[in-house]
Amino acid sequence: MHRTAACQNFDRSLNSPEFANNPYPLYQALRESAPVYWSEAWRCWILTRYDDIQAVLRDPPRFTSLERLTSTVKPDIPEAVWEQIQPLVRHYSSGLVNVDPPDHTRLRNLVHKAFTGRTISKLQGYVQQLVDQLLDKVQGDGHMDLVRDLAYPLPVNVIAELLGVPLEDHDKLKRWSSGSMEFMTTPLPTPKALLRSQEALLNLREFFRKIYTQCRQQPDDKLVSTLLAVCDEGERLSEEDLLSTCVTLLVAGHETTSSLISGAVLALLQNPDQLRKLRENPALIEGAVEESLRYDGPFQRNRRIAREDVAIDGKQIGKGQLVLVFLGAANRDPSHFPDPDRFDIERIPNRHISFGAGVHFCLGASLARLEARIAINAILSRMPDLRLATETLEWENHLLRGLKALPVSF
Ligand code: HEM
């Protein structure tokens with residue numbers, strides 16, 4: 001096919017519903033024929049090879065996280081809307097996940113002091129109890145929507161417990177958290193999507209501001225109070241740092257972990273030999289979780305902005321241009337994963353990049369792994385005859401690869 005026609009096809013495919021439902025054929029086509037691809041439709045570069053993506057993520061001096069969510073929006077929206085969304089722009093110009101070293105190093109050291117391995121292992125009993133309660137509710141019915149009944153409520157409740165949020169506020173938080181991400185699902189969001197996201201974000205910030213004030217007056221043993229107390233070489237988190245960290249922890253760890261749990265169960269049901277293997281040898285659970293992260297990871301693409309002109313694979317990426325790295329495509333790159341489309345819970349090595357790479361490597365990876373292990377173990381041991389109860393599956397969007405529903409019977 002003529003190169004221009006092929007590129008137009010790629011652009012059409014990126015915006016198609018089929019891509020959100022199954023991005024893997026397009027990933028393969030891009031990786032093989034245009035691994036560093038300029039998308040006219042999304043006005044950004046798209047990278048699909050494992051080595052190129054690793055190189056970008058490990059190079060903050062040339063590929064920055066600063067303003068990666070908002071800087072490319074400016075030329076496409078009216079000046080008045082740009083003025084109106086300044087609170088959103090400011091929020092995404094600061095905070096752990098949006099800044100580069102050395103600011104990032106300072107923040108990460110501080111947050112890491114509060115969010116430790118011990119913090120996470122202390123949650124183990126709570127996670128187990130919550131999984132048991134959620135499954136108790138549906139066990140007698142013989143069927144459930146695994147997303148609605150388990151995968152969705154579990155992570156948001158766990159993060160809310162971690163941060164010390166009252167139970168009655170959990171639904172609100174779920175709504176605002178998803179709402180705040182709406183504008184990220186496309187590189188070219190509409191003014192309406194930007195304004196809706198900003199409204200949800202401001203609600204979240206106000207919510208955490210109240211908790212922050214309470215914890216200053218009456219510290220408890222939850223994460224917000226611990227974050228307030230941490231000190232590293234005389235440095236403390238400012239109120240702004242703390243608010244943006246709380247929002248990141250909530251948003252980053254909520255839908256991603258839901259998608260991991262539902263995606264893992266789906267992959268096991270669609271690969272009965274692997275499910276049988278796991279039932280026969282429950283010690284394979286860690287491998288099953290890692291392979292689920294690789295095979296169909298929850299967070300499909302990440303962003304950086306080129307800080308200078310950079311050449312990759314003979315293509316000139318211009319200063320200021322947006323670079324999308326397709327993590328899901330890297331995880332199926334045959335030069336790192338032999339037979340990449342095979343779901344194999346005993347795959348070794350399995351150096352997937354679903355949790356990112358470099359300095360921004362996911363801070364909540366061990367919490368996500370813990371929740372997934374406990375949830376999958378409980379499902380398999382309580383539901384020996386688990387079956388898929390639908391022929392049609394639908395995913396939320398391409399950024400967060402979460403199933404809308406996963407009906408199962410048992
Ligand atoms: C399966 C579930 C999860 C996936 C796939 C995931 C994925 C990621 C990815 C790809 C990044 C890197 C972002 C970047 O480079 O710009 C990241 C960062 C982060 N994640 Fe996760 N995440 C998950 C669960 C969680 C959980 C449960 C939490 C916490 C409760 C969490 C907290 C964070 C934080 C705080 C960062 C920012 C780290 C930094 O910038 O230094 N994540 N995550």
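Structural notes, computed from the coordinates. (Residues numbered from 1 in each chain as written. Predicted model: local features only at pLDDT ≥ 70, side-chain atom pairs only at ≥ 80, totals over all residues. Heavy atoms only, no water.)

## As for the overall build of the protein
Formally: What counts as a helix is a DSSP run of H or I of at least four residues, what counts as a strand is a run of E of at least two, and both are numbered from the N terminus. A simple rule labels every residue: compare its accessible area, found with a 1.4 Å probe on the protein chains alone, to the largest value its type can have, and call it buried under 20%, exposed over 50%, or partly exposed in between. Contacts are assigned to residue pairs with any non-hydrogen atoms lying within 4.5 Å of each other. Per-residue and other accessible areas were derived by the Shrake-Rupley procedure at a 1.4 Å probe size, with only the shown protein chains allowed to occlude residues. Under this rule, positive means Lys or Arg and negative means Asp or Glu; His and the chain ends count for nothing. Every charge is mapped onto a representative atom, which is NZ of Lys, CZ of Arg, CG of Asp or CD of Glu.
Helix and strand counts for the protein stand at 20 helices and 10 strands. Seen through its principal axes, the protein has C-alpha atoms that stretch 60 × 55 × 40 Å. Residues classed as buried in the protein amount to 57% of the 410 residues present. Partitioning the contacts of the protein with sequence separation of at least 6, the portion at a separation of at least 24 is 73%. Working note: accessible area of the protein is about 18,000 Å², and carbon and sulfur atoms make up 50% of it. Charge separation in the protein, taken as the distance between the mean sites of 48 positive and 53 negative side-chain charges, equals 1 Å.

## Focus: the coordination of the iron atom of the ligand
Short version of the rule: Metal-coordinating donors are taken as N, O and S atoms lying within 2.8 Å of the metal, or within 3.2 Å when the metal is Na, K or Ca; because water is left out, some sites can appear incomplete.
Among protein residues, the single donor to the iron atom of the ligand is C362 (SG), with a metal-donor distance of 2.3 Å. Looking at where C362 falls in the secondary structure, it is placed in the loop between α19 (327-330) and α20 (365-382).

## Details of the site of the ligand
This is how the line gets drawn: Throughout this document, a residue counts as near a molecule or strand when at least one of its heavy atoms sits within 4 Å of that molecule or strand. Residues adjacent in sequence count toward polar contacts only when both atoms are side-chain atoms; beyond that, a polar contact is any pair of N or O atoms within 3.5 Å, and within protein one must be able to donate a hydrogen and the other to accept it. Residue polarity follows a fixed list, in which Ala, Val, Leu, Ile, Met, Phe, Trp, Tyr, Cys and Pro are nonpolar, Asp, Glu, Lys and Arg are charged, and the others, Gly among them, are polar.
The full set close to the ligand counts 28 residues, and H104, R108, R304, H360 and C362 are the nearest of them. Here an oxygen atom of the ligand and a side-chain polar atom of R68 are 3.0 Å apart. Grouping the constituent residues of the shell around the ligand by class yields 15 nonpolar, 10 polar and 3 charged.

## A closer look at the sheet that holds strand β9 (residues 387-388)
The cut-off we apply is this: Two strands form a pair only when DSSP identifies at least two bridges running between them.
Here we have 3 strands laid out as an open sheet, ordered β4-β10-β9, and antiparallel in their pairing. Where the open sheet ends on each side, the last strands, each with one partner, are β4 (143-145) and β9.

## Details of the environment of L324
Within the secondary structure, L324 is located in strand β8 (residues 322-326). The buried category is assigned to L324, whose relative accessible area is 0%. L324 sits 211 residues away from K113 along the chain, and the two C-alpha atoms are 31 Å apart. Contacts of L324, omitting those with residues within four sequence positions, involve W42, C44, W45, I46, L47, P187, R301, N302 and R303.

## Topic: the pairing of strand β2 (residues 44-47)
Alternating residues of β2 divide into C44 and I46 and W45 and L47, and every residue in both groups is buried. Pairing of strand β1 (residues 36-39) with β2 involves 4 bridges; the strand directions are antiparallel. Paired with W38 across the two strands is W45, which belongs to β2. Hairpin connection from β1 to β2: 4 residues lie between these consecutive antiparallel strands, with R43 at a positive phi of about 45 degrees. Alignment of β2 against β8, held across 3 bridges, turns out to be parallel. Bridge pairing in β8 places W45 opposite V323.

## Details of unusual backbone geometry
Residue P102 is reached from P101 by a cis peptide bond, and omega for that bond is 10 degrees. The linkage connecting I348 with the following residue, P349, adopts the cis geometry, with an omega of -10 degrees. The residue P349 is located in the loop between α19 and α20 in this model. Residues other than glycine seldom take positive phi values, yet D313 does so here, at roughly 50 degrees.

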